[in-house]
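The lines below spell out each chain.
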Amino acid sequence: GLGDVYKRQLSNISWGIEKPIQFDGSGRLYFVGDSNGRSILRRYAAGQASDLINDNITVNNFEVLSDGTVLLSGTTSASSTSWVRKLTPANSLSTLVTGASATFMQKFPDGNIYFGLWGNNNFGVRRYVHATGTLDSKYWIAGTMTTPPVDKHFDAWAMCQAYLSTMYGFCGTYGANVRTIFSSSAGSTFAISGIRGQSSILMQYFPTVQVVPTVVKSVTSSLMAGSNIVVAGTNEAGRNVLTIFNPTANTETIVLDAENEVEIYSLAYSASQNRLLFSGLQFSNNSVVTGEIVLP
């Protein structure tokens, strides 16, 4: 439990945040929620809970590192200033980015924390280097909107200028907005880049940034299935398809084509049986179906 006092004061966990409950390498619990109408971020260890933010702060994202360092994205209520900050285990606070909050925060296979930014001349994706405890001076992904121009590992404008309409989910925010991020056992990280209501595309974000060449042009859902990527969404003609993409061989197998159209509602993968489980709307008879596919 969280202790009687904190049980009474905690109204709810902020389930809208991607990872509202996290742990550090020592097993200490961190959670973000609401207490009597105010935003809280707490650390719970050895039967004691500690508040890590004050009443004047709202947290929209956070990432706990193994040593207990916490990266925070949020806003100071009094000034309406957004920021990304670092809180050390000794409760020392420093600002990494000001004038923008993180649209996502995620540890990649290299052990560093990557986060998207959109606002106040902070546009794109940056990374916090865990080994040095500092922000990489170069953006991981950036374009042309940042003033003054910034150094970057991957130039989004060079990737996007000829394909803006077909890559808008990525290009519209230089990769800052993602719906889902997942990594393969081989150490590559992929993301559905874009926001709901607009065309979202499947991108590789690590170790390099590039488009995943799939026939699905607007991705609704995607996940790793062993060493393959399952991709659901609509093709160039706007028809629903479900495909299996092999990133090693750079090949794709269409599992449910446009002639057997199913609008996918949910996907799950059973590693023990190497089966894909799905539910969705089958267009041929306008009925919701569930099924499974044995993967190659």
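Residues numbered from 1 in each chain as written. Predicted model: local features only at pLDDT ≥ 70, side-chain atom pairs only at ≥ 80, totals over all residues. Heavy atoms only, no water.

The probe, sized like a water molecule, is rolled over the atoms to show the empty space still left. In this structure, the largest pocket encloses a volume near 150 Å³. Contributing to the lining of the largest pocket are Thr166, Met167, Ile201, Leu202, Val211, Val212, Pro213, Thr214, Val216 and Lys217. (1 Å grid on protein atoms, 1.4 Å probe; cavity = no way out; pocket = protein on both sides within 12 Å on 5 of 7 lines; lining within 4 Å. Points joined across faces, edges and corners; volume = space filled by probe spheres on them.)

Okay, the packing of aromatic side chains next. Scanning all chains against the criterion turns up 10 aromatic pairs. Plain terms: the ring middles of Tyr114 and Phe206 are 6.1 Å apart, the flat faces sit at 65° to each other, and that makes the pair edge-to-face. A residue pair is termed long-range when its members are at least 10 positions apart, and Tyr114 in strand 11 (residues 113-119) and Phe206 in strand 18 (residues 201-206) qualify at 92 residues. Exposure class is identical for Tyr114 and Phe206. Each is buried. Pairwise contacts between aromatic rings join Phe108, Tyr114, Trp140, Phe154 and Phe206 into one cluster. Stacked on the ring of Tyr139, the Lys or Arg Arg126 has its end atom at 4.6 Å from the ring centre. (Phe/Tyr/Trp six-rings, centres within 6.5 Å; stacked < 30°, edge-to-face > 60°. Helix = DSSP H or I, 4+ residues; strand = E, 2+ residues; numbered from the N terminus. Buried < 20%, exposed > 50% of the residue type's maximum accessible area, 1.4 Å probe, protein only. Lys NZ or Arg CZ within 6 Å of the ring centre and 35° of its normal.)

To continue, consider the pairing of strand 25 (residues 275-282). Bridge count for strand 24 (residues 262-270) against strand 25 is 8 bridges, and the pairing is antiparallel. Bridged to Glu263 within strand 25 is Leu281. In textbook terms, the turn of a hairpin is the stretch between consecutive antiparallel strands, and for strand 24 and strand 25 this stretch comprises 4 residues, one of which, Asn274, has a positive phi near 50°. By the bridge criterion, 8 bridges tie strand 25 to strand 26 (residues 287-294) in an arrangement that is antiparallel. Its bridge partner being in strand 26, Phe278 is matched across the sheet by Gly291. Here strand 25 hands over to strand 26 after 4 residues, with Asn286 in that stretch at a positive phi of 55°. (Pairing = 2+ DSSP bridges.)

Summed over all chains, the structure comprises 1 disulfide. Each sulfur in the disulfide pair Cys160 and Cys171 lies 2.0 Å from the other. Across the disulfide from Cys160 to Cys171, rotation about the S-S bond amounts to roughly -90°, and the bridge is consequently left-handed. With Cys160 in helix 2 (residues 156-160) and Cys171 in helix 3 (residues 168-171), this residue pair connects regions lying 11 residues apart in the sequence. (Disulfide = S-S within 2.5 Å.)

The topology assignment puts Ile254 in strand 23 (residues 251-256). Residue classification places Ile254 among the partly exposed residues on the basis of a relative accessible area of 45%. It is 14 Å that separates the C-alpha atoms of Ile254 and Ser222, two residues lying 32 residues apart in sequence. Sequence-distant contacts of Ile254, that is, excluding residues within four places in its chain, are made with Val215, Leu242 and Thr243. (Contact = heavy atoms within 4.5 Å.)

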